[in-house]
Amino acid sequence: MNTLEYGLNICILGAGAIGSLWACYLNNAGRTVSLWTRGSESSLSLSLDDQPAILFPCNQESQLANADLLIVTVKAWQVQSAFKPILSQLKADCSILFSHNGMGAVETILPQMSEHPVFFATTTHGALRKNQQQVLHTGQGQTIIGPLNDKAEVELGSLVQAFNLALPPAHADSNIYQALWNKIAINCCINPLTALRDCRNGELAAKDTLEIIETLCSEISAVITAEGFSCNNAELFARTKQVIEATSKNFSSMHQDIHHNRPTEINYITGYLLERARAHNIDTPMNKNLFEQIKQKEAQNDH
Ligand code: PAF
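Residue numbers here run from 1 along each chain, matching the order of that chain's written sequence. In view of the model being predicted, local features appear only for residues whose pLDDT reaches at least 70, and side-chain atom pairs are presented and counted only at 80 or more, with totals across whole chains, interfaces and linings using the full set of residues. The side-chain numbers reported here are obtained from all heavy atoms of the structure, hydrogens and water having been left aside.

Further remarks concern the environment of G271. Secondary structure follows DSSP: runs of H or I at least 4 residues long count as helices, runs of E at least 2 residues long count as strands, and numbering of each begins at the N terminus. Examined against the element boundaries, G271 turns out to sit in helix α9 (residues 270-279). The buried label applies to any residue whose accessible area, calculated with a 1.4 Å probe on protein chains only, is under 20% of its type's maximum; exposed applies above 50%, and partly exposed to all values in between. Residue classification places G271 among the buried positions, given a relative accessible area of 10%. Along the primary structure G271 and G104 are separated by 167 residues, whereas in three dimensions their C-alpha atoms are 9.4 Å apart. Residue contacts are counted whenever heavy atoms from the two residues lie within 4.5 Å of one another. Among all residues touching G271, those that are not within four sequence positions of it are I266 and F291.

Given below as structure tokens:
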């Protein structure tokens, strides 16, 4: 497959904010993009910011069967139920790219995808699905893409180039798990606290809350280090404070999930951290406490 041909046909599973953003930019870069949703609609009209609407084919088995690349942007807790039924419909060399908050959702199904190049992407682009017809690109960010299996190593450069042509900058990172731990560490600090306190990210900058975050950071860095990845306690704390400041006006994704009565990603964020902490016999009482409080909130919510 040469570079120009790579990913010519792209199907996106999960037309949320990031899925819709990538759908529009990849379409504008000349790719043939279709969507796969929970619904039964055969097309979906979407506009990026104030641009003219694009009509995407939707839920069409022929598009799925022809896809060179499947992008899975559903939430971590939806990955297994949304992805497993369509896996057998993909052609053998179709690449699969997952992107969601948290860790632990893909590892268990990775052996079932051994025929395919499998990747993970983490992005800091801001996107908001304003309504059914419009997605807003609310913040310029970057995308890091890494391989999850050997087959993906070979294709990594072409996939990153396809993203760079559509929505730059995109970078290849062969050590994608380090990038994912860096992200999950910040999410463990910001997401549960904002959801429990019903506040914007910026309100976590209060002195007493920063003391809690410092304790969270020392627990988190102990687990990440035990996992064999690099994480310095003081650096993590400094980075978390930077993200709190840079996103001060935002409501975190977990805050929004609790607010809208939806299941959260806690099992794949703090829950994953606790699971790895248990495997290394590391005490993480502050993270455990936040995890339990979020589980209680979720139980009170009527999904
Ligand atoms: O999940 C989120 O909301 C974001 O990853 C972050 C960085 C915490 C900002 O809100």
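Now that the structure has been shown, the text picks up again.
Right, let's talk about the domain arrangement of the protein chain for a bit. Residue ranges for the domains trace back to a domain assignment, done automatically or taken from a database. As far as domains go, the protein chain holds domain 1 (9-173) and domain 2 (178-302). Computed over C-alpha atoms only, the centres of domain 1 and domain 2 are separated by 26 Å. Taken together, the contact pairs 13 residues of domain 1 with 14 residues of domain 2. As a working definition, buried area equals the accessible area (1.4 Å probe) given up by two parts on being put together, with both sides summed. Each partner contributes to the roughly 1,400 Å² buried at the junction of domain 1 and domain 2, and carbon and sulfur atoms together form 64% of this total. Looking at the side of domain 1 facing domain 2, the largest losses of area belong to W77, N101 and M103, adding up to 53% of the total buried there. Counted as salt bridges are all cases of a side-chain nitrogen of Lys or Arg within 4 Å of a carboxyl oxygen of Asp or Glu. K75 is paired through a salt bridge with D257; the nearest N and O atoms lie 3.4 Å apart. Whenever a nitrogen or oxygen atom comes within 3.5 Å of another N or O atom, the pair is scored as a polar contact, on the condition that within protein one atom can donate a hydrogen and the other can accept it, and that pairs from neighbouring residues in sequence are kept only if both atoms are in side chains. Scanning the region where domain 1 abuts domain 2 turns up 5 residue pairs in polar contact (both at pLDDT 80 or more). For this classification, the nonpolar set comprises Ala, Val, Leu, Ile, Met, Phe, Trp, Tyr, Cys and Pro, the charged set comprises Asp, Glu, Lys and Arg, and every other residue, Gly included, is treated as polar. Counted by class, the side of domain 1 that touches domain 2 contains 6 nonpolar, 4 polar and 3 charged residues.

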